[in-house]
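# Fold and geometry: a report
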Amino acid sequence: MLDIKSQTADEITAQFQTWGEPAYRVSQLLEWLYAHRVTSWEAMTNLPKALRERLQGNYTLQTLELIRKQGSRDTTEKFLWRLSDHSLIESVLIPANPALYGEASDRHTLCVSTQVGCAYGCKFCASGLEGWKRNLEVEEIVEQVMAVERGEMEDRSENAQRDNETDRGRERIPSGERLVSNLVIMGMGEPLANYENLLKALQILNAPWGGGIGARKITISTSGLAPQIRKLADEQLQFRLAISLHGATDETREKIMPINRRYPLRELTAACEYYQRKKGRMITFEYILIAGVNDGLEQIKPLSNLARKLNAKVNLIPYNKVEGLPWERPSEEGQEEFLKALERQHVTATLRREKGHDIDAACGQLRLRTERELADSVKGN
C-alpha cells in the first residue's frame, strides 16, 4: 500500500477525480499533511468521514518513532528514528549560522538521511560499518522534516503551557510555518544511490503545497557518483551540489574512499563541469580533515587547483571521532593553518567549528551505538 506522503499533488488529484471528489478536497488534505503535520486520518476534521475511511483503506500514513534525541552545547540536535521495519536512521537539526552552503540560513538546516546504512565503505564513516540495508522510501525522507517540525511544535506548546506563556526567546511555530528552512542531504547513505526516491521526496518538500523549501536552499551531497551528477544536472529544479571530496589527489582519496577507484577525480571533475555548465551554480567541496591522512599542506595546491577550476567553495570539517575507528581530527592550530593556506591560494573556504561534536555527531554514530546497545541487551537476557 502506498503512503500518502509519497504522493504528489497531481497524483492525489488524479485519485480524487476517480473517486468523484471535488478538487478543493486535495488542498484540504495537503494542508493537514504539511501545514498541520497531523499523524492520523481522524485529525483531518474537515474531510468527510467517508473520504477519511477511503483514504485509510487505500493509503498508509506512517510516522517516524523518536528513539533518542541528543542536544549539543551549540544547540545542534540529533534525532534517532525507528522506521516501520525497526531499522534506525538519523537526522540532525543545525541552528541558524553563517552560510555553509551558499546562502544564509535564517532559521534551521536539517541534515537528512536517504538510506539505512551505506554500501560505499568510506573508511572514516560510521554509516557503513554495519553495511547497507535498504533505500529509504519517499515518505521516510519527507517524514524526517515533518517529524522534526512536529516535535518542535509539541515541545514549544508544552513549554508555553507549563510556563503559562510562550517560551522566552523561542516563539511557538504557528501551524503551517516552517522551522526547517534549509536541507542538506548528507545524512546516512549515499543520496544519489537512491536517486528516484530522493528526487520525488525533494519535489514534495520543495512544492508550495508540501514542504515549501526553496530548491536553492536544498543541497544534495554525493561521494562522487559521476553518472548521477550528470543526471542531476539535467533536472529542472536548481538544487545545490556538494561533493564529499576528502582528498585532492586520487592517491589520497583512494585510501579512504573506495568510490574513487570507480570514478576517479578525472571523471568526477568532468561530471562537475557538466553540472556547472547546466546549472551555473557554485559547487561545495566537503573536506573532512583527518590527522595524518589528508591534512598535510601538500594537499593545498591540488585542492586549490581543483576548487578554482570548478569555482567551488571548500567546507573544511574537523573529523568527528567514531568508536572503533583509528582516525583523529587535527589540532585546532592545524585546522586553522590548513584554512589559511587555502585562503592564500584565493580559494573561498570555511572551517566548521563545533556543530555537534559532543553529540555522536559523526554520521551514523548514534545509530551504530544504539544498535550495539540493543544487541548487548538481548544477549544479556
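Right above here is the structure, for reference.
Note that this is a predicted model, so its numbers are computed, not measured.

Within the protein chain, the secondary structure is distributed over twelve helices and twelve strands. At a minimum sequence separation of 6, the contacts of the protein chain that also span at least 24 residues come to 67%.

Quick look at the environment of T350 now. Mapped onto the elements of the fold, T350 is located in strand β12 (residues 349-351). Sequence-wise, T350 and L339 are eleven residues apart; in three dimensions their C-alpha atoms are separated by 7.2 Å.

With seven of seven residues buried, strand β10 (residues 283-289) lies mostly within the body of the structure. In β10, alternate side chains face the same way, and those of I283, F285, Y287 and L289 on one face and T284, E286 and I288 on the other are all buried. Pairing analysis gives three bridges linking strand β9 (residues 240-244) to β10, with the strands arranged parallel. When the sheet's bridge partners are listed, I243 is paired in β10 with F285. As judged from the seven bridges shared by β10 and strand β11 (residues 312-318), these two strands associate in the parallel manner. Residue Y287 lies in a different strand from β11, and its bridge partner there is L316. Note on the crossover from β10 through helix α10 (residues 300-310) to β11: the handedness is right-handed.

Criteria and cut-off values
- The residue numbering used here restarts from 1 in each chain and proceeds along that chain's sequence as written.
- Local features are withheld for residues below a pLDDT of 70 in this predicted model, meaning they are given only at 70 or higher, and side-chain atom pairs are given and counted only at 80 or more; totals for whole chains, interfaces and linings count all residues.
- Side-chain measures were taken over the full set of non-hydrogen atoms in the model, leaving aside hydrogen atoms and water.
- Secondary structure elements follow DSSP: runs of H or I no shorter than four residues count as helices, runs of E no shorter than two count as strands, and numbering proceeds from the N terminus.
- Should any heavy atoms of two residues lie within 4.5 Å, those residues are counted as being in contact.
- Think of it in three bands: with a 1.4 Å probe and only protein chains considered, a residue is buried below 20% of the maximum accessible area for its type, exposed above 50%, and partly exposed in between.
- Two strands form a pair only when DSSP identifies at least two bridges running between them.
- Place the viewer so that the strands point away; then a crossover is right-handed whenever the path from the first strand over the helix to the second strand goes clockwise.

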